[in-house]
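What the coordinates show
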Amino acid sequence: MKINSNYLNLEESYLFSTIARKIEEYQKENKDAKIIRLGIGDVTLPLAEEVIKSLHKAVDDMADKSTFKGYGPEQGYGFLRDAVRDYYGSYGAKLESTEIFISDGAKSDLANILDIFHIDNRVLVPNPVYPVYLDTNIMLGRNVTFIDANMENGFLPLPDESIPADIIYLCSPNNPTGAVYTREALQKWVNYALKCNAVILFDSAYESYIVDKDLPRSIYEIEGAKSCAIEFNSLSKTAGFTGTRLGYTIVPHSLVFEGVSLNKLWLRRQTTKFNGVPYVIQKAAEAVFTEEGQREIRANIEYYRENARIIAETLDSLGVWYTGGKNSPYIWLKAFDGMTSWEFFDYLLREANIVGTPGAGFGANGEGFFRLTAFGNRENTIEAMERLKRLRNRA
Ligand code: MLT
């Protein structure tokens, strides 16, 4: 037996596992430290009331012979696919229900989608980037080309015609930088993908944080995107489903490569390797898309957006450079005094008991930067910013 030795080319542990271990070690040695976690993008508010009601009702359905459900359709129940279709339609992205595949989250789908692409494809990944895009390609032994995101381009790189690509990863609002592509910029990416016959894997997991009406929330708001892009979305950050697990992937029927429909390939893949998301979770998700559900989740999103505003305001007052925080729950800042990302991580943990995510964990271009999330609770966010101010003024 031989192992998949591509795994040996990965960093020893996944970024957020490394951070969790470091926090645990620090806490063990500093039992009284009141650590504030603004590191991993995990939500802190409970599920909305409508969602909980629907979840309870679905549990009751499972207890009754006449409403009990066994295996469901692998690609998701019609009621939820229709709800997602209508949600996209509400801001101008026209989809068919059969283009929508329900899953247990964007992370798994972003990894699993690689099953339907040839190993020889050239992959283009922005740097810095959500580690899953890169690691899943390394696991398969693919070579990856990076495209630079940096302060000069506002961490929003545009296509470079001289670099050929077959698979392009984009995330907007971006994780980790919080930067958001404009319609014009996304149009450039779509035109480039169409020209080089590439597919764009568009991660829109943070679209619900966009409040600026001019910014696109889905790539399907861009002309030509339905012929070159797959979109991945999730209820994790939109409706607090990080522990409940539900995402959806959109594979338009018009995505045809070498005469083959990607929608058909993905359906074949999912029906073979996946048995669908539990009925009760899909019922909980359905409630997110009702009028009342939308009203309730909006209130939670606004709560996190206010946290982001508080963080951004603090950085403004300290004269610290950052992106994000306005149409995104992430704030990407420059580490103080030329520290490396991990030096800054240790410094903040030790001196202020604040945890963030070192930018270098997202790629070489993240070196010297640091990510804070707005997903903490209000009290902790305010307290963390007070500590940051005290630290800065002491220096
Ligand atoms: C993050 O902190 O980047 C996210 O929580 C990662 C994820 O959604 O998997």
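Residues numbered from 1 in each chain as written. Predicted model: local features only at pLDDT ≥ 70, side-chain atom pairs only at ≥ 80, totals over all residues. Heavy atoms only, no water.

**Some thoughts on the overall build of the protein chain**
When helices and strands are tallied, the protein chain shows twelve helices and 15 strands. Here the C-alpha radius of gyration of the protein chain, 21 Å, is about what a compact globule of 395 residues would show, namely 21 Å. C-alpha atoms of the protein chain, sized along the principal axes, occupy 60 × 55 × 55 Å. Counting every position in the protein chain, which comprises 395 residues, the buried fraction comes to 55%. Looking at the protein chain as shown, the accessible area adds up to about 17700 Å², and 51% of this sits on carbon and sulfur atoms. Across the protein chain, the centroid of the 44 positively charged side chains sits 2 Å from that of the 52 negatively charged ones. (Helix = DSSP H or I, 4+ residues; strand = E, 2+ residues; numbered from the N terminus. Rg over C-alpha atoms; globule rule 2.2 N^0.38 Å. Buried < 20%, exposed > 50% of the residue type's maximum accessible area, 1.4 Å probe, protein only. Areas by Shrake-Rupley, 256 points an atom, 1.4 Å probe, with all protein chains shown as cover. Lys, Arg positive; Asp, Glu negative; His and termini not counted. Charge placed at Lys NZ, Arg CZ, Asp CG, Glu CD.)

**Here we look at the UniProt feature "binding site: substrate" (unreviewed entry) in the protein chain**
Annotation from UniProt places "binding site: substrate" (unreviewed entry) at Tyr14, Gly41, Lys107, Tyr130, Asn175, Asn275 and Arg371. In three dimensions, the annotated residues from a span of 358 residues occupy distinct locations, with a maximal C-alpha spread of 35.5 Å. By the element assignment, Tyr14 lies in the segment before helix H1 (15-29). The exposure class of Tyr14 is partly exposed, given its relative accessible area of 23%. When neighbours within four sequence positions are excluded, Tyr14 is seen to be in contact with Lys107, Tyr130, Pro131, Val132 and Asp135. With respect to the helices and strands, Lys107 occurs in helix H4 (residues 106-112). In this structure, Lys107 is in contact with Tyr14, Tyr130 and Val132, ignoring residues within four places of it in sequence. (UniProt positions renumbered as here; feature names shortened; annotations may be inferred. Contact = heavy atoms within 4.5 Å.)

**Section: the sheet that holds strand S5 (residues 167-171)**
Read across the sheet, seven strands follow the order S2-S8-S7-S6-S5-S3-S4 without closing on themselves; strand pairing throughout is mixed. Every interior strand has two partners, whereas the edge strands, strand S2 (100-103) and strand S4 (144-148), have only one. Ignoring strand direction, the axes of neighbouring strands in this sheet form an average angle of 25°. Inspection of the sheet shows strand S7 (residues 229-234) paired to strand S8 (residues 247-250) by four bridges, in the antiparallel sense. What sits directly across from Phe232, in S8, is Thr249. Across the sheet, helix H3 (residues 78-89) touches S2, S7 and S8, and the angle it forms with S2 is around 120°. (Pairing = 2+ DSSP bridges. Axes fitted to C-alpha atoms, helices over the stretch in contact; angles between N-to-C directions.)

**Topic: the nonpolar core**
By size, the foremost hydrophobic cluster in this structure holds 64 residues, and its most contacted members are Ile168, Ile200, Ile219, Phe241, Leu246 and Tyr248. If you tally residues by element for this core, the top one is helix H9 (residues 279-288), at seven residues. Sequence-distant contacts of Ile200, that is, excluding residues within four places in its chain, are made with Ile168, Leu170, Trp189, Val190, Ala193, Ile219, Cys228, Ala229 and Ile230. By size, the runner-up hydrophobic cluster in this structure holds 42 residues, among which are Leu318, Val320, Ala352 and Ala374. (Core = buried A, V, L, I, M, F, W, Y, C linked by side-chain atoms within 4.5 Å.)

**Overview of the pattern of salt bridges**
Summed over all chains, the structure comprises 24 salt bridges. Its salt-bridge partner being Lys53, residue Glu50 comes within 2.9 Å of it at the nearest N-O pair. Remark: Lys53 and Glu50 occur in helix H2 (residues 49-62); sequence separation between them is three residues, near one turn of the helix. On the basis of relative accessible area, Glu50 is assigned to the buried category, the value being 19%. Its salt-bridge partner being Glu302, residue Arg298 comes within 3.4 Å of it at the nearest N-O pair. You can see Arg298 and its partner Glu302 sitting in helix H10 (residues 291-318), four residues apart, about one turn around the helix. Looking at Glu302, the relative accessible area reads 34%, which means it is partly exposed. Here the salt bridges share partners, and the residues they tie into one network are Asp82, Arg85 and Asp86. (Salt bridge = Lys/Arg side-chain N within 4 Å of Asp/Glu carboxyl O.)

**A word on the packing of aromatic side chains**
On inspection of all chains with the given rule, the structure shows 29 aromatic pairs. For the ring pair Phe79 and Tyr279, a centre distance of 6.4 Å and an interplane angle of 90° mean the geometry is edge-to-face. On the criterion of sequence distance, the pair formed by Phe79 in helix H3 and Tyr279 in helix H9 is long-range, its members being 200 residues apart. On the accessibility criterion, Tyr279 (8% relative accessible area) is buried. Put simply, the rings of Tyr14, Phe16, Phe155, Trp321, Trp332, Phe362 and Phe369 touch in pairs and so form one group of aromatic residues. (Phe/Tyr/Trp six-rings, centres within 6.5 Å; stacked < 30°, edge-to-face > 60°.)

**So, the site of the ligand**
Neighbouring the ligand are the residues Phe16, Ile40, Gly41, Tyr130, Asn175, Lys237, Tyr330 and Arg371. Gly41 places a main-chain nitrogen or oxygen 2.6 Å from an oxygen atom of the ligand. Contact between the ligand and Asn175: an oxygen atom at 2.9 Å from a side-chain N or O atom of the residue. Look at the ligand: alone it shows 270 Å² of surface, and the protein chains cover 84% of it. Here the residues of the shell around the ligand are counted per class, giving four nonpolar, two polar and two charged. (Near = heavy atom within 4 Å. Polar contact = N/O pair within 3.5 Å; in protein donor to acceptor, adjacent residues only side chain to side chain. Nonpolar A, V, L, I, M, F, W, Y, C, P; charged D, E, K, R; others polar.)

**Digging into a nonpolar patch on the surface**
A cluster of nonpolar side chains, Met1, Ile3 and Leu8, forms an exposed patch at the surface whose accessible area comes to about 430 Å². Leu8 gets classed as exposed once you look at its relative accessible area, which sits at 62%. (Patch = residues over 30% accessible without salt bridge, like charges linked within 9 Å, V, L, I, M, F, W, Y side chains within 5 Å.)

**Quick look at the UniProt feature "modified residue: N6-(pyridoxal phosphate)lysine" (unreviewed entry) in the protein chain**
In the UniProt entry, the feature "modified residue: N6-(pyridoxal phosphate)lysine" (unreviewed entry) is given for Lys237. Topologically, Lys237 is positioned in helix H7 (residues 236-239). The exposure class assigned to Lys237 is buried, which follows from its relative accessible area of 13%. Non-local contacts of Lys237, meaning those with residues more than four positions away in its chain, are made with Gly41, Val43, Ala205, Tyr206, Tyr209, Thr242, Tyr330 and Phe375. Of the polar contacts made by the side chain of Lys237, one reaches the backbone oxygen of Gly41; its length is 3.0 Å.

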